[in-house]
Amino acid sequence: MAIEKKLNRRDFLRGTAIAAVGVMAASCAQPTPIIVEKEVPVEKVVKETVVVEKQVPVEKIVKETVVVSKEIAIEKVVTATPVPPKFFEAPMLAELVKAGKLPPVEDRLPVDPMVIAPVDTIGTYGGTWRMVASGTSDFSGHSSRVNPVEGFITWGMDGASIVPNLASKWEIGDNGASFTFYLRKGVKWSDGKPFTAADVLFLHEDVYKNTELTPNYPGGFKMAGEPAVVEKLDDYTFSIKFAAPYGLFPLNMAADFSGWSEVPAHYMKQFHASYTAKANLDKMVADNKLETWMQLYSAKGNWMNNPEKPLLRPWLMVQPPPETTLILERNPYYWKVDPDGNQLPYIDRQRHTLVESVDVINLRAVAGEIDNQMRNIALASYPLYKENAAKGGYDVYLWKMAETGACFFPNQTLLKDDVLRGIMQDIRFRKALQYAIDTDEVNELHYVGQASDMTSCVPDELKGEKIFEEYTYDVAKANALLDEMGLDKKGPNGWRLRPDGQELSLTVETAASWTTVVPVAELVAGYWQKIGINAVLKSLMYEGWWDRVGTSEYQVIAYLLENFDPLINLTYPRNYFVTSYDCYWGTLWGAWYNAGGKAGEEPPDWVKELQTAYDGVKGETDPAKQIAVMNDAFKVWLESHNIVHTVGRYPQPVIVKTSFKNFPKDGVNGWPLRSPGYSRPEQYFMTA
Amino acid sequence: MTDEMEEKDTRVIESPVVDAQQELVDASQEDSVFVATQWQLMWWRFRKHKLAMIAGVILLLLYCIALFPEFLATYSPHESRKLFSQVPPHKVRFVDSEGKFGLRPFIYAYERTRDPDTLRLVYTPDLDAKYYLGFFVRGFDYKVLGLVASNLHLVGVKPDETGTAPEVFLMGTDNLGRDLFSRMMYGTRISLSIGLIGVAFSFLFGITLGGLSGYYGGVADLVIQRVIEFIRAVPGIPLWMALSAALPATWPPLRVYFGITVILSFLSWTGLARIVRGRFLALREEDFIMAARLAGSGEMRIIFRHMVPSFTSYIIASLTLSIPGMILGETSLSFLGLGLRPPVISWGVLLQGGQNLQAVAQTPWLMLPGIFVIVTVLAYNFLGDGLRDAADPYSR
Amino acid sequence: MFQYVVRRILYMVPTLIAVTIISFVVIELPPGDYLTNYVNRLMLQGEFLDEAQLEALKVQYGLGQPIYIRYLKWMSGVVRGNFGVSMEWGKPVGELIGQRLLLTVVISLATTLFIWAVAMPIGIYSATHQYSIGDYIFSFIGFVGVGVPEFMIALIFLWVGFSRFGVNLSGLFSEQYVEQGWSFGKVVDMLKHMWVPLIVLGLGGTAGMIRTTRANLLDELRKPYVTTARSKGLTERKVIWKYPVRLALNPFVSGLAYLLPGLVGGSTIISVVLSLPTSGPLYLKSLQTQDMYLAGTFVLMFSVLTVIGTLISDILLGVLDPRIRYE
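1. Here we look at the sheet that holds strand β12 (residues 237-241) of chain A
Two strands in a sheet stick together by hydrogen bonds in their backbones, pointing the same way (parallel) or opposite ways (antiparallel).
All names here are of chain A.
Then step 1. With antiparallel pairing, 4 strands are arranged side by side in an open sheet as β7-β8-β12-β11. Each end of this open sheet is capped by a strand with a single partner; those strands are β7 (167-173) and β11 (229-234). With strand direction ignored, the average angle separating the axes of adjacent strands in the sheet is 20 degrees.
Then step 2. With 5 bridges joining them, β11 and β12 adopt antiparallel strand pairing. Across the sheet, residue Val230 finds its bridge partner in β12, namely Ile240.
Then step 3. Set on the sheet, helix α7 (residues 197-208) makes contact with β8 (178-183), β11 and β12; between it and β11 the angle comes to about 160 degrees.

Structural data, given as structure tokens:
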């Protein structure tokens with residue numbers, strides 16, 4: 001076992017996937033586990049798994065163990081530890097307790113509070129965390145990252161594993177078709193009322209299944225066309241059953257279905273037609289200048305505008321819009337503590353200033369008026385931030401983006417131009433487009449020379465395949481490939497001619513608002529002109545975008561690959577597995593899959609292979625196996641070179657005041673992780 | 001914004017300026033004054049207005065750029081450079097590092113480094129690499145006015161003994177390493193023509209509808225006035241947005257350009273229409289029109305033979321003053337993200353590259369297109385001022 | 001006079017109705033709606049809504065109804081003083097605009113006064129000293145003011161303020177006052193921040209005013225009555241100030257037509273760059289995000305104010321200049 005071998009993200013992922021199983025097992029054995037993260041050699045976990053876990057077949061685990069023990073050196077494993085003997089609270093809350101306005105901290109915390117190990121040190125209470133947003137919707141996106149929604153289960157602080165959160169443990173049954181969640185006992189909403197399985201049931205039965213509030217039952221909870229069945233087993237236990245195995249469910253729970261813990265039934269019932277008399281409702285609707293009770297329900301359910309709504313998050317809204325300075329204050333009932341028993345969060349307040357332009361955000365950053373922020377902090381402005389860092393009293397950390405640099409998607413299901421469609425379906429053409437791109441130049445010019453190449457995005461297991469290395473900038477090779485395809489004749493303007501005698505031209509379409517993509521697309525259009533293709537960039541107003549994509553009449557789309565990482569991108573599979581019409585390189589094939597063959601066009605076999613692989617992933621409960629399937633699909637996907645790429649991951653600058661502590665030096669910025677949310681904002685603290 | 005410009009301009013226009021003290025026509029011309037045509041009189045008066053003359057020359061030069069951007073551009077405007085992005089403008093020197101003066105302009109080649117800490121690109125002149133600038137050099141291929149093939153360019157760098165020549169960036173390069181000077185030359189064509197074509201359109205609308213309204217009065221007047229009032233009452237930005245959104249996404253860039261020009265003129269014809277109407281209303285009652293009518297002239301003849309010539313000069317002056325509004329309108333549209341979009345090059349598009357904090361702080365030369373805008377607007381205003389003074393038939 | 005006013009007001013009604021319809025259509029015209037726009041903005045940050053959230057939003061916004069139904073619904077609310085609820089803010093439109101109105105009017109009024117205070121004397125000086133050095137200098141500065149793209153000047157101010165003087169000139173309040181309620185200190189602080197928008201906003205406006213005043217005054221000065229006054233031996237001061245200047249002020253009055261909506265709207269682009277908490281940025285954003293009711297209310301408000309402003313200025317012009325008669 002090679003301890004000195006540097007751990008990378010992928011190894012991590014594998015190990016933690018196993019570890020997650022271990023957690024479940026461990027929790028089964030001990031009824032009241034308190035979670036603390038501890039470094040333990042991995043074999044131990046495997047052993048435990050084999051001993052306790054009943055659901056997972058033993059052979060599978062053993063098979064995996066062989067692989068894992070070769071690669072993994074050290075693993076973070078979650079094990080049970082005792083509850084801290086005594087709890088402490090922030091001075092501002094202690095005052096309230098003294099004044100009799102708040103019950104003592106022991107009564108506010110659950111029986112088994114979640115224990116969060118701080119990134120560096122145990123923090124101190126106090127401070128206002130200053131941030132800037134460019135408007136209310138920007139704020140609401142930003143706040144779901146810095147004041148994250150608390151899922152039942154969530155991402156670990158490594159950004160790869162899935163760990164308990166509101167649920168202290170969960171079980172998978174029926175080969176992945178049923179899930180049982182055990183909630184922490186005694187967690188309270190921010191108004192002091194208990195959070196129980198009744199809240200979950202209310203959401204599912206009275207919101208998701210209420211056709212007035214939710215006209216279409218959310219697709220994410222449907223399997224084999226059937227809605228999920230949610231049952232309350234006791235006050236703190238509930239189960240979700242699907243009509244077919246749903247292996248990606250825990251992943252989706254951690255990444256996207258976090259809204260499940262945002263509905264306090266005791267509060268929302270008063271705005272719900274099933275629980276409140278029509279006369280009362282109508283009066284409230286009129287008082288709020290609305291038209292329907294559904295609008296009232298939605299409006300009251302929005303914590304940003306309705307500070308009264310109870311939450312489970314670390315901070316609560318106290319000064320809502322239309323003020324342009326939004327203020328959030330600590331949740332006195334927050335249910336997490338640090339290992340010393342200090343109730344979190346450490347920071348008293350968040351202050352979000354709404355400004356009107358990104359320039360003002362930059363100005364505030366360099367003036368030292370932002371304590372910690374990565375949203376709207378752009379790599380292109382890195383020199384600006386850095387040069388003023390000393391003056392502004394901050395550091396600039398470089399995290400990584402979860403997405404790749406700009407990518408190009410030749411539309412292989414192009415309509416209304418069969419000749420060009422044929423050309424784009426020819427892999428030689430797509431490879432020629434690739435060889436024509438000087439990726440180093442793109443990196444220098446657009447990513448401050450700091451992006452890594454595309455290999456950084458390939459799973460380690462596939463790195464040996466040399467799939468990306470072979471695509472180095474080589475105009476001669478690109479020309480040769482085109483010539484080989486029979487595109488060697490040139491027209492009067494010097495452009496290549498297609499078999500039908502027309503000029504070979506390509507329109508690259510992108511949305512004008514994708515400011516990170518447009519300049520790269522301009523560059524790339526230039527590269528393609530150099531190999532005799534009349535490439536023109538057209539940046540559209542975004543508003544008509546989806547209509548345009550739906551027509552499948554676009555030739556090439558410039559965008560990027562989100563979350564290029566096996567585990568994370570399983571939550572957003574369209575461009576890898578061709579699962580819906582917004583798979584830019586095969587719109588009609590994606591539509592075909594999504595509509596069960598009733599729309600779009602039937603794809604060729606190799607595409608079907610990808611789609612079948614996705615079906616397989618969905619039915620797979622073992623995260624390690626999911627990754628294995630994903631990687632197999634990747635291979636097909638990479639070999640067919642459907643996407644012309646530029647650079648891989650690039651850095652995301654983060655402004656961090658020198659007085660701002662416990663913020664990880666390194667991390668990944670991606671939406672499924674709610675970055676920096678997965679690094680637990682509640683344990684950040686500020687020194688005076 | 002265009003609306004406001006317009007409003008100011010029309011007010012200015014209706015008040016011809018004269019200076020009693022000024023001797024407009026000198027003694028030698030005294031005799032010819034009485035037989036001179038209206039245009040000759042105008043020209044003589046205009047010549048007196050020194051600033052307007054200078055402005056006129058500047059505009060002529062600018063339009064020369066618009067006609068021959070390829071010849072003036074040092075490099076292809078779309079060519080990007082891996083190792084020369086964000087290059088500050090080259091200093092064209094006559095005195096070298098040892099203090100020696102020469103008549104031949106030269107530059108020092110830049111050495112590029114990236115600051116390891118801040119990642120900022122730093123370019124330092126290499127005092128050993130001295131290169132002379134040459135005129136009428138050979139460069140990239142182009143077609144003059146789309147007709148005659150050529151590769152002659154006004155300025156370029158002469159190769160040294162070893163045959164190597166660095167590139168010269170007179171206005172620096174942008175974030176993608178494209179030569180800003182060359183891009184400015186190309187952008188001039190689009191931005192200046194937007195002004196002209198746009199004004200031509202609003203001229204067409206304004207004169208027709210304003211004329212109808214003023215000459216016939218009655219119902220026509222009432223309807224047209226309501227329409228004008230209506231267009232002026234709808235705030236500009238939503239109209240811009242709606243109109244630019246109405247341009248189909250599938251249009252090629254050139255047609256989008258044309259569409260934007262029409263939008264700009266659609267919003268600015270009302271001002272002109274009001275002036276024309278006012279003029280018509282006043283002229284209708286003039287004795288010479290009455291005389292023409294009594295002499296049995298047809299309506300068309302009265303309008304085009306008698307009325308229009310008597311205020312053509314006003315129209316020209318007013319048009320001149322509304323062109324800068326168009327040019328500024330184009331930059332504002334770009335700022336709002338509604339105007340022309342890359343890869344089309346216009347001043348508005350170029351200014352977009354310079355309108356963020358990063359650019360102001362670290363690559364201020366990206367704001368140079370703004371100087372061109374200011375100079376052009378200034379020139380047009382002085383020219384318009386001069387034309388207006390000259391066009392006033394009462395100023396002797 | 002009375003008849004004229006009544007007739008003008010009657011003409012206003014169809015214009016206004018047409019304006020409301022058109023403004024609604026104009027906002028609706030770009031493809032997509034608030035929701036597609038919202039999803040787009042999320043995607044720019046690499047974020048996605050799950051279907052349940054999307055469905056809930058659709059229900060909440062009542063999107064999907066035909067445009068004329070939404071128009072009629074909205075208008076029937078407007079008549080009763082209910083301008084609808086902003087989709088972006090989730091607050092009644094009236095509350096949103098009201099919250100920003102006071103500061104907007106304060107800034108716009110200050111700017112207008114600033115423009116007048118600067119433009120009037122300079123315009124008069126330029127006219128009475130035509131073709132003098134001073135005239136040329138002021139003309140030049142004036143035209144430069146017109147020619148500089150306003151967003152550029154605002155940005156430069158921001159950066160120079162920070163890099164040279166170490167102050168953040170954006171917004172209207174410094175750090176320590178943003179969270180506080182109104183106090184004497186806060187007012188002083190606001191005044192300290194206000195000179196930037198004042199100058200930037202004033203620059204363009206002043207230039208136009210100077211040119212107009214100058215031209216109009218010159219126009220008046222060559223009229224026979226001025227010559228008569230001079231020949232009668234009136235002092236030059238009296239000759240200029242008695243009537244010509246009064247008449248040359250007409251443009252200030254006719255400017256009222258745009259002053260009214262301008263007061264409420266502020267200068268949109270500059271306010272965005274300087275991030276002023278005024279209604280301008282709110283207005284622009286509502287248009288960009290297709291926040292129907294908020295945008296519609298703004299457009300309606302500006303249109304009504306323009307029309308009313310035009311009417312007022314026409315009446316005032318008559319009062320000021322007895323030669324203007326109401327047909």
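2. A closer look at the environment of Thr658 of chain A
Residues and elements named next belong to chain A.
Then step 1. Residue placement: Thr658 occurs in the loop between β24 (649-657) and β25 (660-661).
Then step 2. Put simply, Thr658 and Asn372 are 286 residues apart on the chain and 9.6 Å apart in space, counted from C-alpha to C-alpha.
Then step 3. The residues contacting Thr658, other than those within four sequence positions of it, are Gly393, Tyr394 and Asp395.

3. Side note on a nonpolar patch on the surface
All names here are of chain C.
Then step 1. Taken together, Val13, Ile17, Ile21, Val25, Leu29, Ile67, Tyr68, Ile69 and Leu72 make up a surface patch of nonpolar side chains, about 760 Å² in accessible area.
Then step 2. Of all the elements in the fold, those that place two or more residues in the nonpolar patch are α1 (2-28) and α4 (67-79).
Then step 3. Mapping Val13 onto the fold places it in helix α1.
Then step 4. The exposure class of Val13 is partly exposed, given its relative accessible area of 44%.

4. Thoughts on the confidence of the model for chain C
Then step 1. On average, chain C scores 78 in pLDDT, and the residues at 70 or more come to 84%.
Then step 2. For this predicted complex, the interface confidence comes out at an ipTM of 0.82, alongside a pTM of 0.82.

5. Concerning the sheet that holds strand β14 (residues 325-330) of chain A
Residue and element names in this part refer to chain A.
Then step 1. Spatially, 4 strands are ordered β4-β16-β14-β13 in an open sheet, and the strand pairing comes out mixed. Sheet topology places β4 (128-133) and β13 (315-319) at the edges, where each strand pairs with a single neighbour. The sheet shows a mean angle of 25 degrees between the axes of neighbouring strands, taken without regard to direction.
Then step 2. In terms of strand pairing, β4 meets strand β16 (residues 349-354) through 6 bridges, oriented parallel. Along β16, the bridge assignment pairs Val132 with Thr353.

6. Here's the deal with the environment of Ile58 of chain B
Residues and elements named next belong to chain B.
Then step 1. Here Ile58 lies in helix α4 (residues 50-67).
Then step 2. Measuring from C-alpha to C-alpha, the distance between Ile58 and Tyr380 comes to 9.3 Å, with 322 residues separating the pair along the chain.
Then step 3. When neighbours within four sequence positions are excluded, Ile58 is seen to be in contact with Val375 and Ala379.

What counts and what doesn't
- Residues numbered from 1 in each chain as written.
- Chains lettered and ligands numbered in written order.
- Predicted model: local features only at pLDDT ≥ 70, side-chain atom pairs only at ≥ 80, totals over all residues.
- Heavy atoms only, no water.
- Pairing = 2+ DSSP bridges.
- Helix = DSSP H or I, 4+ residues; strand = E, 2+ residues; numbered from the N terminus.
- Axes fitted to C-alpha atoms, helices over the stretch in contact; angles between N-to-C directions.
- Contact = heavy atoms within 4.5 Å.
- Patch = residues over 30% accessible without salt bridge, like charges linked within 9 Å, V, L, I, M, F, W, Y side chains within 5 Å.
- Areas by Shrake-Rupley, 256 points an atom, 1.4 Å probe, with all protein chains shown as cover.
- Salt bridge = Lys/Arg side-chain N within 4 Å of Asp/Glu carboxyl O.
- Buried < 20%, exposed > 50% of the residue type's maximum accessible area, 1.4 Å probe, protein only.
- pLDDT = per-residue confidence, 0-100.

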